Amino acid sequence: MNAPIGVFDSGVGGLTVMKEIMRQLPGENLVYFGDTARVPYGSKSKNTVCRYSRQIVRFLETRQVKAIVIACNTASALALDEIRDETSIPIIGVVEPGAVMAANTTKTNNIGIIGTDSTIKSGIYNKCLHKINPEITVVSKACPLFVPLVEEGLWEDRVTEDIAGRYLHELKEYDIDALVLGCTHYPLLRRIIGREMGENVKLVNPAYETAKSLKALLTEKNLLNTIGIDGREPTYDYYVSDGVDKFISFADDVLSCQVGKAEIVNIESY
Ligand code: DGL
């Protein structure tokens, strides 16, 4: 089925998931929505994040998407359950796949989680990990300044190193061997985070497992795009709620390609 897959985030972080979907599902057409006017979600209430996510799902429905990926940990943590009941389109988030990947990565059963304030407060990673394996110990830390640092393009900057040192310092006191990058912006800081944590801690990027789960879902529902595989280029469409130029240059960097254009959507009208 050649209908596109909708992927959304509060801003540009979800592009790290989009990139992995492009890699694992090269035949699929994709529609990306970044809520650049209302980022960050990570400091907002459940009600607000649910309202924003609902509007984005309504917008994606108008693009006739066949499946939706919430490429945002915060929205996955706070809104996935509500939204799933409100749409007939199959929808997945990044948290469950991230938890599966972390549980498969750890050898010591001591896992660290970093994410936005709302994701960490929700305790969702703890719940998912304990469901997979009650023996797992979780230590978590909110890193709210990482999102604006990423959005400002300071991926390899001394300011970011300094902030990472402050945030991650206390995690190093625990004997963790896996650290979940529980915010889709954070993979863009993986070099700094990796240096800070040291080589004995594996960084878990939920994007890989999310794309894998998406493929399994599409296969199960008989929705894979078999038409796109024989030689036709897939289409990638980008929509944002503000700041088109900044988004385009950012997306070019993250996806290592020329995204060409992005369109503004008045998301409040959905
Ligand atoms: N990228 C989003 C996430 O994965 C959060 C960024 C924000 O605070 O909006 O949680």
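Our subject in this report is the structure included herewith. (Residues numbered from 1 in each chain as written. Predicted model: local features only at pLDDT ≥ 70, side-chain atom pairs only at ≥ 80, totals over all residues. Heavy atoms only, no water.)

## Quick word on the overall build of the protein chain
Helices and strands together make up the secondary structure of the protein chain, namely 11 helices and 10 strands. Overall, the C-alpha framework of the protein chain stretches about 50 × 40 × 40 Å when taken along its three principal axes. For the protein chain, the proportion of its 270 residues judged to be buried stands at 58%. Once local pairs closer than 6 in sequence are excluded, the contacts in the protein chain between residues at least 24 apart make up 77%. Carbon and sulfur atoms form 48% of the exposed surface of the protein chain, whose accessible area is close to 12100 Å². (Helix = DSSP H or I, 4+ residues; strand = E, 2+ residues; numbered from the N terminus. Buried < 20%, exposed > 50% of the residue type's maximum accessible area, 1.4 Å probe, protein only. Contact = heavy atoms within 4.5 Å. Areas by Shrake-Rupley, 256 points an atom, 1.4 Å probe, with all protein chains shown as cover.)

## So, the sheet that holds strand 5 (residues 110-115)
Taken in spatial order, the 4 strands make up an open sheet running 6-5-7-8, and their pairing is parallel. The strands lining the two open edges of the sheet, one partner per strand, are strand 6 (137-142) and strand 8 (202-204). Taken pair by pair, the neighbouring strands of this sheet meet at an average axis angle of 25°, ignoring direction. With 5 bridges connecting them, strand 5 and strand 7 (residues 178-182) associate as parallel partners. (Pairing = 2+ DSSP bridges. Axes fitted to C-alpha atoms, helices over the stretch in contact; angles between N-to-C directions.)

## Things to note about the packing of aromatic side chains
The full count for this structure, using the stated rule, is 9 aromatic pairs. Considering the side-chain rings of F146 and Y186, the 5.2 Å spacing of their centres and the 90° angle between planes classify their relative orientation as edge-to-face. Here F146 is found in helix 7 (residues 146-151), whereas its partner Y186 is found in the loop between strand 7 and helix 9 (190-197), with 40 residues between them in sequence. The two residues F146 and Y186 agree in class, both being buried. Arranged with centres 5.5 Å apart and planes meeting at 65°, the rings of W155 and F250 form a pair that is edge-to-face. Taken as a pair, W155 in the loop between helix 7 and helix 8 (158-168) and F250 in helix 11 (residues 244-255) lie far apart in primary sequence, 95 residues in all. Residue F250 is classed as buried on the basis of its relative accessible area, which comes to 8%. Chaining the aromatic ring pairs together yields one cluster made of F33, F59, Y239 and Y270. Here the guanidinium or amino end of R38 rests over the ring plane of Y52, the centre of that ring lying 3.8 Å away. (Phe/Tyr/Trp six-rings, centres within 6.5 Å; stacked < 30°, edge-to-face > 60°. Lys NZ or Arg CZ within 6 Å of the ring centre and 35° of its normal.)

## Description of the pairing of strand 3 (residues 67-70)
With burial as the criterion, each face of strand 3 is covered, one bearing A67 and V69 and the other bearing I68 and I70. Inspection of the sheet shows strand 3 paired to strand 4 (residues 91-92) by 2 bridges, in the parallel sense. Bridge pairing in strand 4 links V69 to I92. Handedness of the crossover joining strand 3 and strand 4 through helix 3 (residues 73-84) is recorded here as right-handed. (Right-handed = clockwise from strand over helix to strand, strands pointing away.)

## Let's talk about helix 3
Its 12 residues give helix 3 an end-to-end C-alpha distance of 15 Å, which sits within 8% of 16 Å, the value for a rise of 1.5 Å per residue. The element helix 3 is largely enclosed, with a buried count of 9 among its 12 residues. The set of residues buried in helix 3 consists of N73, T74, A75, S76, A77, L78, A79, L80 and I83. (Expected span 1.5 Å × (residues − 1).)

## Topic: helix 9
Residues I192, I193 and M197 constitute the buried set of helix 9. Down the axis of helix 9, the buried side of the element spans an arc of 125°, and every buried residue falls inside it. Looking at the buried residues of helix 9, the elements they touch are strand 5, helix 7, helix 8, strand 7 and strand 8. G198 sits one or two positions beyond helix 9 and adopts a positive phi of about 90°. (Arc of directions from axis to C-beta.)

## A look at the sheet that holds strand 2 (residues 30-34)
Strand order in the open sheet formed by 6 strands is 4-3-1-2-9-10, and the pairing between neighbours is parallel. At either end of the open sheet lies a strand with only one pairing partner, and these are strand 4 and strand 10 (263-264). The sheet contact formed by strand 2 and strand 9 (residues 236-240) spans 5 bridges and is parallel. In the strand pairing of strand 9, F33 is matched with Y239.

## Things to note about the site of the ligand
Of all residues adjacent to the ligand, which total 14 residues, the nearest are S10, Y41, N73, T74 and T184. For the ligand, an oxygen atom lies 2.6 Å from a polar atom in the side chain of S10. When atoms are counted within 2 Å of each cavity's grid points, the one that captures over half of the ligand is the largest cavity. (Near = heavy atom within 4 Å. Polar contact = N/O pair within 3.5 Å; in protein donor to acceptor, adjacent residues only side chain to side chain. 1 Å grid on protein atoms, 1.4 Å probe; cavity = no way out; pocket = protein on both sides within 12 Å on 5 of 7 lines; lining within 4 Å. Sits in = over half its atoms within 2 Å of the grid points.)

## Some thoughts on the pairing of strand 7
Among the 5 residues in strand 7, 5 count as buried, and that is most of the element. The pairing of strand 7 with strand 8 spans 3 bridges and is classified as parallel. The residue bridging V180 from the neighbouring strand is V204, located in strand 8. For the crossover that starts at strand 7, traverses helix 9 and ends in the parallel strand 8, the hand is right-handed.

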